[in-house]
Amino acid sequence: MNIHMICIGKLKEKYLLDGVNEYLKRIRKFANISIIELPDEMIPDNASAKDIENIQKLEANKIKKYLKEQDYNIALDLTGKQFTSEEFAEKIQSITLNGFSTINFIIGGSSGLNKELVTNSHFVISFSKLTFPHQLIRLFLSEQIFRAFKIINHEKYHR
């Protein structure tokens, strides 16, 4: 199993980097995981809806270069399905049972993901109806991927 977290923007805060790196180390017991960080576009002050749409398109074009037809693409977006940890584990397990060896989790930048990219993904998930910084979502996702593998492998994990 290969997992790629394709992310717009870099993690700069040490506490987030430390947390993500700790979970990546734990996940590697179960799967190959990598983070692909792509540069974010500058958002001008007082950006219009059209400006945001153009930024999302530019960032989507960067992301698309890393998406392969044989991979399973999951976009993280507020419009997506919300899961319990057990349901998330079942989803990951069902993806692998359906013959996919690579899962790409796609995390947009500050302006979110381009609608076309979201629509063309195999699946869309949301961590909450609340809005979180995209850097924090990377930590949440890392933890939930690790938790999912613990659940799949019937290993104990705190509740």
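First, a word on scope: everything that follows refers to the structure included in this document.

## What about the overall build of the protein?
Move 1: Looking only at helices and strands, the protein has five helices and five strands in total.
Move 2: N-terminal to C-terminal, the α/β element order of the protein is β-α-β-α-β-α-β-α-β-α.
Move 3: A compact globule built from 159 residues should have a C-alpha radius of gyration of about 15 Å, and the protein, at 15 Å, falls within 12% of that.
Move 4: Taking the principal axes of its C-alpha atoms as reference, the protein extends roughly 50 × 35 × 25 Å.
Move 5: Sorting the 159 residues of the protein into buried and exposed places 47% on the buried side.
Move 6: Here the contacts in the protein between residues at least 6 apart in sequence split such that 82% fall between residues at least 24 apart.

## Details of the sheet that holds strand 4 (residues 102-107)
Move 1: Spatially, five strands are ordered 2-1-4-3-5 in an open sheet, and the strand pairing comes out parallel. Edge positions in the sheet fall to strand 2 (32-38) and strand 5 (123-125), since each has one partner strand and no second. For this sheet the average axis-to-axis angle between neighbouring strands, irrespective of direction, equals 30 degrees.
Move 2: For strand 3 (residues 72-81) and strand 5, the ladder comprises four bridges, and the chain directions are parallel. Bridged to Lys81 within strand 5 is Ile125.
Move 3: The strands touched by helix 3 (residues 85-97) within the sheet are strand 3, strand 4 and strand 5, with strand 4 carrying the most contacts at an inclination of about 135 degrees.

## Side note on the nonpolar core
Move 1: Core analysis: the largest hydrophobic core is formed by 33 residues, its most contacted members being Phe105, Ile145 and Phe149.
Move 2: Counting residues per element, the ones that place at least two in this core are strand 1 (2-8), helix 1 (14-27), strand 3, helix 3, strand 4, strand 5 and helix 5 (134-152).
Move 3: In terms of residues, this core owes the most to one element, helix 5, which gives eight residues.
Move 4: Setting aside chain neighbours within four positions, we find Phe105 in contact with Ile3, His4, Met5, Ile6, Ile74, Leu76, Phe88, Ile92, Ile125, Leu141 and Ile145.
Move 5: Judged by nonpolar contacts, the second largest core, of 12 residues, contains Ile36, Leu38, Ala75 and Val118.

## Describing helix 3
Move 1: Between its terminal C-alpha atoms helix 3 stretches 18 Å, which fits the 18 Å expected from 13 residues at 1.5 Å a residue.
Move 2: Against strand 3, strand 4, strand 5 and helix 5 lie the buried residues of helix 3.
Move 3: Within two residues after helix 3, Gly99 carries a phi angle of roughly 95 degrees, on the positive side.

Reading the values: rules and limits
Residues numbered from 1 in each chain as written. Predicted model: local features only at pLDDT ≥ 70, side-chain atom pairs only at ≥ 80, totals over all residues. Heavy atoms only, no water. Helix = DSSP H or I, 4+ residues; strand = E, 2+ residues; numbered from the N terminus. Rg over C-alpha atoms; globule rule 2.2 N^0.38 Å. Buried < 20%, exposed > 50% of the residue type's maximum accessible area, 1.4 Å probe, protein only. Contact = heavy atoms within 4.5 Å. Pairing = 2+ DSSP bridges. Axes fitted to C-alpha atoms, helices over the stretch in contact; angles between N-to-C directions. Core = buried A, V, L, I, M, F, W, Y, C linked by side-chain atoms within 4.5 Å. Expected span 1.5 Å × (residues − 1).

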